[in-house]
Amino acid sequence: PEEPTEPETPVTPEEPTEPEAPVTPEEPTEPEAPVTLPFTDIEPTNYSAPYIAKLYELGITTGTTDTTFSPKANLTRSQFAVMIARALKLEAKGAPKFKDVQGKWYADAVQALVENGIVQGVDENTFAPGNTITRQQTAVMLFRVLQFAGYDALADVPTFNDAANISPYAQQAFATLQKLNILTGNEGFANPHEQLTRQQMAKLLVLTLEAIQK
């Protein structure tokens, strides 16, 4: 197929072409007031609700539909690219490099991140926008976001119980995110090869953006 299968939940309406609100967090991670979201599939008591609310408030995400966020759906590469580009207020300067994003709603976001060294393709001509991403792929992208903002690596070796399962290319990323308490793992395990869900993304992205603000 020319483009990987997208999740069952439609993703096209999720991200408008351009953000309508500021996309850089300016306040603490979790709002003090009760979370008010238009998404019927997010319980206010869910751990991810404050983070999803922050992304929604800042215009970084608008959900998979007007009333759903699909918190447990796996995150695609194109979805994450759009959210990061909005959060950093990045716009592409050139035409899309990858053939499988040309003419798509996420083309500008992907190209902007490519130009700033935050994402790469799966090969020279392919981005695979509909592919889902693992926790270690996410860690590397967020580490590049930190580097873009001026961070250097804070550690080289993570201390998770399953650190040996983390691929060499992602070790420094996990170690730095762990040091910043952005990615703390699940009961001491990083689970690097697990697929990342949309609600997990919300927490990790907000914490990364807040680290940049400090």
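The preceding data block contains the structure.
The model shown is predicted, which means the values in this text are computed figures rather than measured ones.

A. A look at the overall build of the chain. Secondary structure assignment for the chain yields six helices and zero strands. Counting helices and strands in the order they occur from the N terminus, the chain gives α-α-α-α-α-α. The long-range fraction of contacts in the chain, counting pairs at least 24 apart against all pairs at least 6 apart in sequence, stands at 75%. A total accessible area of about 10,600 Å² is found for the chain, and carbon and sulfur atoms account for 47% of it.

B. Local environment of the packing of aromatic side chains. What the rule picks out here adds up to five aromatic pairs. Measuring from ring centre to ring centre gives 5.4 Å for Phe39 and Tyr56, while their planes differ by 80 degrees; the resulting arrangement is edge-to-face. Of this pair, Phe39 sits in the segment before α1 (49-57) while Tyr56 sits in helix α1, and the two are 17 residues apart along the sequence. For Tyr56, a relative accessible area of 36% gives the class partly exposed. Centroid distance Phe98 to Phe127: 5.8 Å. Interplanar angle 35 degrees. Geometry classified as tilted. Taken together, the positions of Phe98 in the loop between α2 (77-88) and α3 (107-115) and Phe127 in the loop between α3 and α4 (135-148) put the pair 29 residues apart, joining distant regions of the chain. Like Phe98, the residue Phe127 is buried in the burial classification. Counting every residue linked through ring pairs, the aromatic cluster contains Phe39, Tyr56 and Phe69. The ring centre of Phe69 lies 4.4 Å from the NZ or CZ of Arg198, which sits over that ring.

C. The nonpolar core, seen in detail. Ranked by size, the top nonpolar core spans 59 residues in total, and within it Phe80, Ile84, Met201 and Leu205 carry the most contacts. When contributions to this core are tallied by element, the ones reaching two or more residues are α1, α2, α3, α4, α5 (171-179) and α6 (198-213). Residues contacting Leu205, with those up to four places away along its chain left out, are Leu55, Ile60, Phe80, Met83, Ile84 and Leu142.

Conventions used here
Residues numbered from 1 in each chain as written. Predicted model: local features only at pLDDT ≥ 70, side-chain atom pairs only at ≥ 80, totals over all residues. Heavy atoms only, no water. Helix = DSSP H or I, 4+ residues; strand = E, 2+ residues; numbered from the N terminus. Contact = heavy atoms within 4.5 Å. Areas by Shrake-Rupley, 256 points an atom, 1.4 Å probe, with all protein chains shown as cover. Phe/Tyr/Trp six-rings, centres within 6.5 Å; stacked < 30°, edge-to-face > 60°. Buried < 20%, exposed > 50% of the residue type's maximum accessible area, 1.4 Å probe, protein only. Lys NZ or Arg CZ within 6 Å of the ring centre and 35° of its normal. Core = buried A, V, L, I, M, F, W, Y, C linked by side-chain atoms within 4.5 Å.

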